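Spelled out, the chains give:
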Amino acid sequence: MKKKIFLAFALWLLAFCSTVMAQGTASKDHNFKVAKNLETFSAIYKYLEMMYVDTLDADEVVGTGINAMLRSLDPYTIYYPEEKVKDLNMMISGKYAGIGAIVRYNMALQNVVIDEPYEKMPAAEVGLRKGDIILSIDDSTMAGKPVTYVSEHLRGDAGTRFILKVKRPTTGKTMSFKITRKAIQLPSVPYYGLQENGIGYLNLNSFTTDCAKEVRRAFLEMKRAGMTSLVFDLRNNGGGSLQEAIDIVNMFVPKGLTLVKTVGKLERANKEYKTAVEPIDTVMPIVVLVNRETASASEITSGSLQDLDRAVILGTRTYGKGLVQAPMNLPYNGNLKLTTSKYYIPSGRCIQAINYKHNNGGYIEHVPDSLTHLFHTANGREVRDGGGIKPDIEILPDSLPNIAYYLASVGRDSTEVMLNWELQYIKNHPTIAPAKTFIISDDDYESFKQAVLDSGFKYDRESKKYMENLVKLAKFEGYYDDAKAEFDALDKKLNHNLSKDLDYNKQTLKQVLTSDLVSSYYFQRGSIENSLQFDKQWKAAVQLLNDKPKYQKLLTPVSRQATESAEGNKR
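All figures in this text were calculated on a predicted structure; none of them were measured in a lab.

Each value, and the rule that gives it
Residues numbered from 1 in each chain as written. Predicted model: local features only at pLDDT ≥ 70, side-chain atom pairs only at ≥ 80, totals over all residues. Heavy atoms only, no water. Patch = residues over 30% accessible without salt bridge, like charges linked within 9 Å, V, L, I, M, F, W, Y side chains within 5 Å. Areas by Shrake-Rupley, 256 points an atom, 1.4 Å probe, with all protein chains shown as cover. Salt bridge = Lys/Arg side-chain N within 4 Å of Asp/Glu carboxyl O. Lys, Arg positive; Asp, Glu negative; His and termini not counted. Charge placed at Lys NZ, Arg CZ, Asp CG, Glu CD. Helix = DSSP H or I, 4+ residues; strand = E, 2+ residues; numbered from the N terminus. Buried < 20%, exposed > 50% of the residue type's maximum accessible area, 1.4 Å probe, protein only. Pairing = 2+ DSSP bridges. Contact = heavy atoms within 4.5 Å. Axes fitted to C-alpha atoms, helices over the stretch in contact; angles between N-to-C directions. Core = buried A, V, L, I, M, F, W, Y, C linked by side-chain atoms within 4.5 Å. Parallel < 35°, antiparallel > 145°, perpendicular 65-115°, else oblique. Left-handed = near helix turned anticlockwise from the far one by under 90°. Nonpolar A, V, L, I, M, F, W, Y, C, P; charged D, E, K, R; others polar.

S.K.: Just checking my understanding: could you explain a negative patch on the surface for this structure?
M.R.: A contiguous patch of negative charge on the surface is contributed by Asp-57, Asp-59, Glu-60, Glu-82 and Glu-83. Looking at the secondary structure, you find Glu-60 in helix α2 (residues 58–71).

Rendered as C-alpha cells:
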C-alpha cells in the first residue's frame, strides 16, 4: 500500500516538476526573444544614425517604429508623444481652450472656413457665422492651410487674445474680430426636452468628465416637468469614461449591484464596479436608442440596462468594443493609452466583437455568431456575447441617397453648391420658425434644385457603376450578345438625369438642408430637436412607450410569457 502511495506521489511530483520546468523554459524563451529583438532594434538604429545617407529625424523614425509596433496589437493602444498628450487629455475631459467652433476645408475656395460655432462660446459671441473664410490669425496667413494647421493656431491658453480676420462670402466684406480664447467644454448633453405624452428625450454624445451630473440634472428637470417615460439616445456615442457610465446606470438601478467586471493580465487590472448610491428612479419606462457607432462606455450603459431588464434597447446592433484602456505615463512627458483588460457586464458576457491576433502581424478576426455564448438577463431573457449589444427591437434608420453624399461632399471636385445655397438662404432669412417644427418650403427646394442644375454639379450614380460591371461580366461569360437588347433598354433607363434625381430624392434632401440651416440659427441643440420629426427610430420608441403592455412584454422572458398566458386562459 505504501509502495502505491509513494509511486503515485512520485508520478505527481514528476508531472509537477515537468510543468514548472516547461513554464520556466517558456518564460526564459520569451524573455530571450524580447531581449534579442530590443537589442536588434537598437543596433539597426545605431547603424542608420551612423551611416544612412541622409540625416535622420529621431522623433519621426523611432516614432514610426513605435506606432508600427502598436498597430500590430489593437487600434485602441496608442502612443502620445509630449506634443500630442493634450489631444488625449481633451478626449478624456472633453475640454480644450480655443474659440469653440467646428472648422472645415472648403475645396472650392481652397481655404478653411467656419462650419458651426458652438452656442455661448467665443466664436458665436463675437459674431462669426457659418461659411466665414479664415484669412489670418494675428499676423499669420491661413490662406490654403490645412484644417489641422488652422485648428492648432485657433487653440491656445485660456485668456489669450488674438485678431481673427475673415471674409464673409455673402457680403464679400473682410472683417476682423478680437477674440479671447476660453476653456471650451464640449457639451456632453447637447439637447434634452420633454416631448408629447410626457415622453422625455435626452441625447448623450460622449462620456466625458462629469457627464453623469449633466444627465442627472436633465432627467430630474424633465421629471419635475411631468416626464413619465424616457428615450435615452446613445446613437453615435463612441464612449469614454467607464466610471461615468457606472454613475449613469446607477441612477436607474438599486445600490449594491455589480455592473462591470474588468479582467486583465495583471491582478491590479481586475476590478469590480458596483452601484454606490441610491437610484433616482427604478420604475420609469426607458427606451435606449443605439446604432453601429454606439461603443465602449455606451455599450456598458445600454448593455447593463438590458441585462438588468431596466430598459428596452432599440435601433441596430452596437459596435462591440469590450476592451478597457488605461493611460500610462512615459518618459519625457509622453503617454501610452494601453489596452489592459476586457470588461464583462451584469449577465457575465463580454461584447467584444473582434479578436485581435498578435502572432500574425496583428490581423483581426470577427467573432462569428455561431461561436457566441448564451447568457441570461436578471429576468431570464436570452442575450449573447461577442458581437456588441443586440437591440430588443431592431429598427433600421433611413439611409441617405448617393446624391446627398455628393452634394454635401468636400472632395476635390466639390462645387460646394449646397453650402453656397445655404449661406444665401441665411442671408435672406434673419430668423426662421422654431427648431422643433422648421422645414424648408417646396418653393425653397425648387430654388435649391435650380442652383444645383446651374452649378454644373456631377456625381457618380451607383446604379450606373453596377450596370457597367454587369456588362463586363456578361461579356466575359459570353452572355452579352444574346441579352444586348435588354442591356441597351436598361442602359437607357439608367441614363444620368440630374433633374429627375433631385425630384426623386426631394424629401430626403429637404431634411438634409433643413438640418444644416437649423444648426446655424439654433446650434447643435436645435439641429437635434429638429431631427426628431424625421427620425424613424425615435418614432418607434415613442410608439413603444405609448404601448405599456408591449413594453412590459419585451422585458419578460418567453417562458414566463407562456406561463402567464396559460394561467390567464385557466382564469
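S.K.: Explain a nonpolar patch on the surface here, please?
M.R.: Taken together, the side chains of Ile-44, Leu-48, Tyr-52 and Val-53 make up a nonpolar region of the molecular surface, amounting to roughly 400 Å² of accessible area. As for its position among the elements, Leu-48 is in helix α1 (residues 2–51). Judged by its relative accessible area of 30%, Leu-48 is partly exposed.

S.K.: What should I look at first to understand the sheet that holds strand β15 (residues 286–290) in this one?
M.R.: Either a parallel or an antiparallel arrangement is found when strands of a sheet pair, and the pairing is made through backbone hydrogen bonds. Ordered in space as β10-β11-β12-β15-β16-β23, the six strands form an open sheet in which the pairing is mixed. This sheet does not close on itself; its edge strands, each paired only once, are β10 (191–194) and β23 (393–394). With five bridges connecting them, strand β11 (residues 199–203) and strand β12 (residues 229–233) associate as parallel partners. When the sheet's bridge partners are listed, Ile-199 is paired in β12 with Ser-229. Of the strands in this sheet, β12, β15 and β16 (312–315) touch helix α8 (residues 297–307), which is tilted by about 140 degrees from β15.

S.K.: How do you make sense of the nonpolar core when you look at a structure like this?
M.R.: What tends to happen in soluble globular proteins is that the nonpolar side chains get buried as a cluster. Core analysis: the biggest nonpolar cluster contains 40 residues, and Leu-202, Leu-204, Leu-230, Phe-232, Ile-248 and Val-288 have the highest contact counts within it. Within the residue set of this core, elements represented by two or more residues are α6 (211–224), β12, α7 (242–250), β13 (258–264), β15 and α8. Broken down by element, the residue count for this core peaks at six residues, all from α6. Apart from residues lying up to four places away in sequence, Leu-202 is in contact with Val-189, Tyr-191, Tyr-192, Val-215, Ala-218, Phe-219, Met-222, Leu-230, Val-231, Phe-232 and Asp-233. Counting residues in hydrophobic clusters, the runner-up holds 25 residues, among them Ile-440, Tyr-445, Leu-502 and Leu-509.

S.K.: Sorry, what's going on with the environment of Phe-523 here?
M.R.: Relative to the assigned elements, Phe-523 resides in helix α15 (residues 506–531). Relative accessible area serves as the criterion here: at 19%, Phe-523 is assigned to the buried category. For Phe-523, the residues in contact, after removing those within four places along its chain, are Glu-116, Pro-117, Tyr-118, Glu-119, Ala-124 and Val-518.

S.K.: Looking at this model, I keep getting lost on unusual backbone geometry. Mind explaining?
M.R.: Most of the time, phi is negative for any residue but glycine, and the peptide bond is trans. Of note in the backbone geometry, Asn-236 takes a positive phi value of approximately 65 degrees without being a glycine. Backbone geometry at Ser-296 places phi at a positive 60 degrees, although glycine is not the residue there. With respect to the secondary-structure elements, Ser-296 resides in the loop between β15 and α8.

S.K.: Help me understand the pairing of strand β5 (residues 133–137), please; the structure alone is not making it clear to me.
M.R.: Residues in a regular strand project their side chains so that they alternate between the two faces of the sheet. Buried residues dominate β5, accounting for four of its five residues. Pairing of β5 with strand β7 (residues 161–168) involves four bridges; the strand directions are antiparallel. Counted as the bridge partner of Ser-136 is Lys-165 from β7. Alignment of β5 against strand β6 (residues 140–141), held across two bridges, turns out to be antiparallel. Pairing of Ser-136 across the sheet is with Thr-141, part of β6.

S.K.: Which parts of the structure should I look at to understand the packing of helix α10 (residues 417–428) against helix α11 (residues 442–455)?
M.R.: The geometry of a pair of packed helices is captured by two quantities: the angle between their axes and the separation between those axes. In the contact formed by α10 and α11, the axes pass within 10 Å of each other and the chain directions differ by 140 degrees. Looking at the two axes, α10 sits oblique to α11. Between α10 and α11 the crossing geometry is right-handed. Only Asp-444, Ser-447, Phe-448, Ala-451, Val-452 and Ser-455 of α11 make contact with α10, whose side of the interface consists of Val-417, Met-418, Trp-421 and Tyr-425. Grouping the constituent residues of the contact of α10 with α11 by class yields seven nonpolar, two polar and one charged.

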